[in-house]
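Tertiary structure, described
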Amino acid sequence: MREVVIAGAVRTAVGKRNGGLSGVHSADLSAVVLGALVDRTGLDPEVVDDVIWGCVSQVGDQSSNIGRYAVLAAGWPETIPGTTVNRACGSSQQALDFAAQAVGSGQQDLVVAGGVEVMSRVPLGTARATGQPYGPKVLARYEDFSFNQGISAELIAQKWGFGRTQVDEFSARSHERAAAAQDRGAFTEQIVPVSTDSGSVQADEGIRRGTSVEKLAGLKPAFQDDGVIHAGNSSQISDGAAALVVTTADKARELGLTPLVRYRAGAVTGADPVLMLTGPIPATAKVLRKAGIGLPDIGVFEVNEAFAPVPLAWQAETGADPELVNPLGGAIALGHPLGASGAVLMTRMIHHMREQGIRYGLQTMCEGGGTANATVVELFS
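Residues numbered from 1 in each chain as written. Predicted model: local features only at pLDDT ≥ 70, side-chain atom pairs only at ≥ 80, totals over all residues. Heavy atoms only, no water.

**Observations concerning the overall build of the protein**
Short version of the rule: Numbering goes from the N terminus for both helices and strands, where a helix is a DSSP run of H or I of at least four residues and a strand is a run of E of at least two. Computation of the radius of gyration draws on C-alpha atoms, with the globule rule given as 2.2 Å multiplied by the number of residues to the power 0.38. Relative accessibility under 20% of the residue-type maximum defines a buried residue, over 50% an exposed one, and the middle range a partly exposed one, all with a 1.4 Å probe and only protein chains included. To measure how exposed things are, a 1.4 Å probe is used in the Shrake-Rupley method; for residues, cover is taken only from the protein chains shown. We treat Lys and Arg as the positive residues and Asp and Glu as the negative residues; His and chain ends play no part in the count. A charged residue contributes its charge at one atom only: NZ of Lys, CZ of Arg, CG of Asp or CD of Glu.
Check the secondary structure of the protein and you find 12 helices and 13 strands. Computed over C-alpha atoms, the radius of gyration of the protein comes to 19 Å, within 12% of the 21 Å expected from 2.2 N^0.38 for 381 residues, which places it in the range of a compact globule. Oriented by its inertia axes, the alpha-carbon framework of the protein measures out at about 60 × 45 × 45 Å. Buried positions account for 59% of the 381 residues belonging to the protein. Per element, the accessible surface of the protein, about 14,600 Å² overall, is 48% carbon and sulfur. Positive and negative side-chain charges of the protein, numbering 30 and 39 respectively, have mean locations separated by a distance of 2 Å.

In structure tokens form, the structure reads like this:
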């Protein structure tokens, strides 16, 4: 396998539901980050072999292969193809893995991976509104479970013994860390401003400053009357896009690009689809084996905060240092634009690694249906 590097990582700010990005079509929002890759790295679009784009709700504005229309909206040559990947919340992380596989194997030399989701325009659940995606055999196998992620999060909290106070403490900390990171400019370099009719969107909109356990205690459980999951300890419905340049170290040098990190390993696993969101636990073990390193070697973890019990259970099982987990906040504070989130998290982690001189970073994402991706990258020097 050839040495694979990421030589560009940009994202939009993550907009809140019906916020600053809600009026932007998904193809046009994708075009913003594709254009920024060109502007910030000097990349010539002519050398791009493919664009692999994550998107979950592929209906309406996001139907008909949004990856291809992102390329056209960006004004890139018509000869550049594009395809769209759906591995639920891990879609753009899987796009990165597919790109790395193509480049590492020698089938392609430079691929752009990323994703988009404008949940304000294509609401969560739209793709299921006109049918039953699971089928009678799946429902029979799992005793007619609803495959509701909120219920799964409640089951995780019960299994690991997380009470309301513990999950709310985690959530308040996510907002606190995100606010501190935003205030010190940790996100400024990675974010591409988006011009809209209402002005420029250039800061993550979901952070709720002053969030506390006491304030969160006033929110009603969303899925079970006696449950612990509510809007304040769940990921936010959001809008956003992100993009990564994936190539070899040699090709980057040839093109005058600056490698940011090495792609060390990627892994994907399946797990119990009823608990559903525990996949990051085995995915982490699998990717560390593939990378040939141990958990103590990792200097930063990005564990998607779909619901607070997800990273809490992951921490409990892996023994990872909580101070290294989501140090800039996570989806509870910063939002979760589904198909874009994998690339958003990777962009955030790469810039943090370079700022702090961290050698290894690990990102993992729980996904609907009980799958999970995990990826390890190494600071390029």
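**Let's talk about unusual backbone geometry**
In this structure, serine 64 takes a positive phi of about 60° despite not being glycine. By the secondary structure assignment, serine 64 is in the loop between β3 (50-54) and α2 (66-73).

**Let's talk about the packing of helix α9 (residues 280-291) against helix α10 (residues 309-318)**
As a reminder, the rule being used: Note on method: axes are straight lines fitted to C-alpha atoms, helices fitted across the in-contact stretch only, with angles between N-to-C directions ranging 0 to 180 degrees. Note on terminology: angles under 35 degrees are roughly parallel, angles over 145 are roughly antiparallel, angles of 65 to 115 are roughly perpendicular, and the others are oblique. Crossings are assigned a handedness: left-handed for a near helix turned anticlockwise from the far helix by less than a right angle, right-handed for a clockwise turn. Here a residue-residue contact requires only that any non-hydrogen atoms of the pair lie within 4.5 Å. We call Asp, Glu, Lys and Arg charged. Ala, Val, Leu, Ile, Met, Phe, Trp, Tyr, Cys and Pro are nonpolar, and the rest, Gly among them, are polar.
At a minimum axis distance of 9 Å, the contact between α9 and α10 shows a crossing angle of 45°. Considering their axes alone, α9 and α10 lie oblique with respect to each other. When you trace α9 past α10, the crossing you get is right-handed. Facing α9, whose interface residues are Pro280, Ile281 and Thr284, α10 presents Ala313, Trp314, Glu317 and Thr318. When its residues are assigned to classes, the contact of α9 with α10 shows 4 nonpolar, 2 polar and 1 charged.

**Looking at the pattern of salt bridges**
How we decide: A carboxyl oxygen of Asp or Glu within 4 Å of a side-chain nitrogen of Lys or Arg is what we treat as a salt bridge.
Counting across every chain of the model gives 13 salt bridges. Two residues, glutamate 323 and arginine 177, come together in a salt bridge whose shortest N-O distance is 3.7 Å. Of this pair, glutamate 323 sits in the loop between α10 and α11 (331-334) while arginine 177 is found in helix α6 (residues 164-183), placing the two residues 146 residues apart along the sequence. Arginine 184 is the salt-bridge partner of glutamate 355, the closest N and O atoms lying 3.0 Å from each other. Here glutamate 355 is found in helix α12 (residues 338-356), whereas its partner arginine 184 is found in the loop between α6 and β6 (191-192), with 171 residues between them in sequence. Each of Arg264, Arg359 and Glu378 takes part in one network of salt bridges that share partners.

**Details of the packing of helix α5 (residues 149-160) against α10**
Packing of α5 against α10 brings their axes to within 9 Å, and their N-to-C directions diverge by 35°. Here α5 and α10 pass one another in a crossing that is left-handed. From α5, Ala153, Ile156, Ala157 and Trp160 reach across to α10, where they touch Pro309, Val310, Ala313, Ala316 and Glu317. Tallied by class, residues from the contact of α5 with α10 come to 8 nonpolar, no polar and 1 charged.

**A word on α2**
Basically, it comes down to this: In this description, one arc is meant: the one made by directions from the helix axis to the C-beta atoms.
Inspection of α2 places Ile66, Gly67, Ala70 and Val71 among the buried residues, and these make up the whole buried set. Each buried residue of α2 sits inside an arc of 150° when the element is viewed along its axis, so together they form one side. If you follow the buried residues of α2, they end up packed against α1 (26-41), β3, β4 (82-85) and β5 (110-118). Downstream of α2 by one or two residues, glycine 75 has phi in the positive range, about 80°.

**A short note on the environment of arginine 164**
Heads up, the rule is: In protein, a polar contact means a hydrogen-donor-capable atom and an acceptor-capable atom, both N or O and within 3.5 Å, with residues adjacent in sequence counting only if both atoms are side-chain atoms; elsewhere, any N or O pair within 3.5 Å suffices.
By secondary structure assignment, the location of arginine 164 is in helix α6. Excluding its chain neighbours within four sequence positions, the residues that come into contact with arginine 164 are Leu216, Ala217, Gly218, Leu219, Pro221, Val228 and His230. Within the local environment of arginine 164, its side chain forms a polar contact with the backbone oxygen of leucine 216, the two atoms lying 2.7 Å apart. Polar contacts involving the side chain of arginine 164 include one to the side chain of histidine 230, which spans 3.3 Å.

**Describing the pairing of β4**
Rules: We treat two strands as partners when DSSP finds at least two bridges between them. Throughout, right-handed denotes a crossover for which the path from the first strand over the helix to the second runs clockwise when the strands point away from the viewer.
Note that β3 and β4 share 4 bridges and pair parallel. When the sheet's bridge partners are listed, glycine 54 is paired in β4 with valine 85. For the segment spanning β3, α2 and β4, crossover handedness is right-handed.

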